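Residues per chain are reported as follows:
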Amino acid sequence: MFQITDGELKYLNEISSELKYPKGQIIFSTSQKANEVYYIKSGLVKIYRTTSDGRQVSVAIRYPGDFIGLAEVLSNINEREYSAEAMDNVSILIIWKDGFKKMLCEMPEFSEKLIRLMSDRLREAQNTIYDFIMNPIQGRLAILLLTMAERAGDKSEDDIIRVRLRVTQEELACVIGSARQTISSLLNLLKEDGSIQYEGREIVGVNPNKLKLWIQE
């Protein structure tokens, strides 16, 4: 996870504007001019592309403390290649490209951390390909839920990760390449197994030890 210091956050706040997005609102879209970088203060963001027949294919979920929109700005690509959508209520700092690049020059330690972040994302993409090959749908769902819980939740004394995942079955299906009906059935199995806990329609608890039994290494 990208760890930002108080000094770095202070710098970001000075060169950015803060905006809030409700669940379902588009933050940026494919072909939009790539003039800014986004820092997620709170909430979850889905990164996806839309196919020619209108289907959404999710490629990543970003969490509080993550940057989005980096690749195009750092590569000097003029247009967005992916879209970003708020998965729940999201608060974001928007940093214009010139100000962000100036920050990279003036804060070399921040630049080094950003390089590590991009390297981590490359490994994440490679691991995702491996997981898709090695794991059936239930394993991919378990990996996704475990990752989301570890990034957005807090571990309690009974080893349960307490979290509020305001994510729909359609969104989960989109991320792991499945059908909503399949996800619905699998979530019921995970609930009965004690791997996940619900409160209403929200997942509020994840048992990592039980979830890992669904994953093929």
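All residue numbers refer to position in the chain's written sequence, counted from 1. Only residues with pLDDT of at least 70 are given local features in this predicted model, and only at 80 or more are side-chain atom pairs given and counted; all residues enter the totals for whole chains, interfaces and linings. Side-chain figures throughout are based on the complete set of non-hydrogen atoms in the structure, without hydrogens or water.

Some points on helix 3 (residues 97-106)
Burial classification: accessible surface area is computed with a 1.4 Å probe over protein chains only, and a residue below 20% of its type maximum counts as buried, one above 50% as exposed, and the rest as partly exposed. Helical segments are the DSSP runs of H or I of at least four residues, strand segments are the runs of E of at least two, and each set is numbered from the N terminus. When helix 3 is considered as a whole, its buried residues turn out to be Lys-97, Phe-100, Met-103 and Leu-104. Down the axis of helix 3, the sector holding all buried residues measures 125°, keeping them to one side. Of the exposed residues in helix 3, those oriented more than 90 degrees away from the buried face are Asp-98 and Cys-105. Note on contacts: a residue pair qualifies if any of its non-hydrogen atoms lie within 4.5 Å across the two residues. In the core, the buried residues of helix 3 are packed alongside helix 1 (6-15), strand 3 (36-42), strand 6 (67-68), helix 2 (70-74), strand 8 (90-96) and helix 4 (108-134). Note: the arc covers the axis-to-C-beta directions of the helix.

Structural notes on the packing of helix 6 (residues 169-176) against helix 7 (residues 180-193)
Each pair of packed helices can be described by the angle between their axes along with the distance between the axes. Taken N-terminus to C-terminus, the directions of helix 6 and helix 7 make an angle of 105°; their axes are 8 Å apart at the nearest point. The pairing of helix 6 with helix 7 is recorded here as roughly perpendicular in orientation. In this structure, helix 6 contributes Gln-169, Glu-170, Leu-172, Ala-173 and Ile-176 to the contact, and helix 7 contributes Arg-180, Ile-183, Ser-184 and Leu-187. Gly is put with the polar residues, along with every residue not named as nonpolar or charged; the nonpolar set is Ala, Val, Leu, Ile, Met, Phe, Trp, Tyr, Cys and Pro, and the charged set is Asp, Glu, Lys and Arg. Grouping the constituent residues of the contact of helix 6 with helix 7 by class yields five nonpolar, two polar and two charged. Lines fitted to C-alpha atoms define the axes, with helix axes restricted to the stretch in contact, and inter-axis angles between N-to-C directions lie between 0 and 180 degrees. Between 65 and 115 degrees an angle is taken as roughly perpendicular, under 35 as roughly parallel, over 145 as roughly antiparallel, and anywhere else as oblique.

Description of the pairing of strand 3
The buried fraction of strand 3 is high, at five of seven residues. Strand pairing follows a simple DSSP-based rule, namely that at least 2 bridges must link the two strands. Here six bridges tie strand 3 to strand 8, and the two strands are oriented antiparallel to one another. Along strand 8, the bridge assignment pairs Tyr-38 with Ile-94. Both strand 3 and strand 6 contribute to a ladder of two bridges, which runs antiparallel. Directly across from Tyr-39, in strand 6, lies its bridge partner Phe-67.

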